[in-house]
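The chain contents come next:
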Amino acid sequence: MWNGMTASVKVTKVAVLDRAIESANAYYDGCWKVKVKGGMKKYVYASWPCLTFLAANLIICLTAVEALCSVYSCSKWLGGL
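Residues numbered from 1 in each chain as written. Predicted model: local features only at pLDDT ≥ 70, side-chain atom pairs only at ≥ 80, totals over all residues. Heavy atoms only, no water.

Caption draft 1: Inspection of the overall build of the protein chain at higher detail. Helix and strand counts for the protein chain stand at 5 helices and 0 strands. If you list the helices and strands of the protein chain from N to C, you get α-α-α-α-α. Within the span of the protein chain, comprising 81 residues, buried residues form 7% of the whole. Carbon and sulfur atoms provide 71% of the accessible area of the protein chain, an area that totals close to 7000 Å². (Helix = DSSP H or I, 4+ residues; strand = E, 2+ residues; numbered from the N terminus. Buried < 20%, exposed > 50% of the residue type's maximum accessible area, 1.4 Å probe, protein only. Areas by Shrake-Rupley, 256 points an atom, 1.4 Å probe, with all protein chains shown as cover.)

Caption draft 2: Molecular detail of helix 3 (residues 32-44). Over its 13 residues, helix 3 runs 17 Å from end to end, which matches the ideal 18 Å to within 8%, given 1.5 Å per residue. Of all 13 residues in helix 3, 0 are buried, a share of ten percent or less. (Expected span 1.5 Å × (residues − 1).)

Caption draft 3: Highlighting the confidence of the model for the protein chain. Of all residues in the protein chain, 79% attain a pLDDT of 70 or more, and the chain-wide mean is 80. Of all secondary-structure elements in the protein chain, the lowest mean pLDDT belongs to helix 1 (residues 3-12), at 51, while helix 4 (residues 48-71) reaches the highest, 93. Within the model, the stretch residues 7-11 combines pLDDT values under 50 with 6 contacts to residues more than four positions away or in other chains. (pLDDT = per-residue confidence, 0-100. Contact = heavy atoms within 4.5 Å.)

Caption draft 4: Highlighting the packing of helix 2 (residues 15-30) against helix 3. Helix 3 packs onto helix 2 with a crossing angle of 70° between their chain directions and a minimal axis gap of 5 Å. What the angle tells us is that helix 2 and helix 3 run roughly perpendicular. Of helix 3, the residues touching helix 2 (which contributes Tyr28, Asp29 and Gly30) are Trp32, Val34 and Lys35. For the contact of helix 2 with helix 3, a count of residues per class yields 3 nonpolar, 1 polar and 2 charged. (Axes fitted to C-alpha atoms, helices over the stretch in contact; angles between N-to-C directions. Parallel < 35°, antiparallel > 145°, perpendicular 65-115°, else oblique. Nonpolar A, V, L, I, M, F, W, Y, C, P; charged D, E, K, R; others polar.)

Caption draft 5: Spatial organisation of a nonpolar patch on the surface. Residues Trp32, Val36, Met40, Tyr45, Trp48 and Leu51 make up a contiguous nonpolar surface patch of roughly 690 Å² in combined accessible area. Broken down by secondary-structure element, the contributors of at least two residues to the nonpolar patch are helix 3 and helix 4. Element by element, the count of residues in the nonpolar patch is highest for helix 3, at 3 residues. With respect to the secondary-structure elements, Trp48 resides in helix 4. (Patch = residues over 30% accessible without salt bridge, like charges linked within 9 Å, V, L, I, M, F, W, Y side chains within 5 Å. Salt bridge = Lys/Arg side-chain N within 4 Å of Asp/Glu carboxyl O.)

Written as structure tokens, this is what we have:
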């Protein structure tokens, strides 16, 4: 929230403003919305290429099974489903 302002304030060496900015940043970083957003960036968006690769392969495999079952009788193999 105050990242750009923190850099400029630390150059002027104003201790009161530094403490105020640090406490505001600590409060902001402690909010659950910020923690969830950071977790999403770290775990979900970082693994996005792997997840899309797996999803694409799953769709291709399911399409192949559907095509094979439309040509051949798969009811004896998949009858329990």
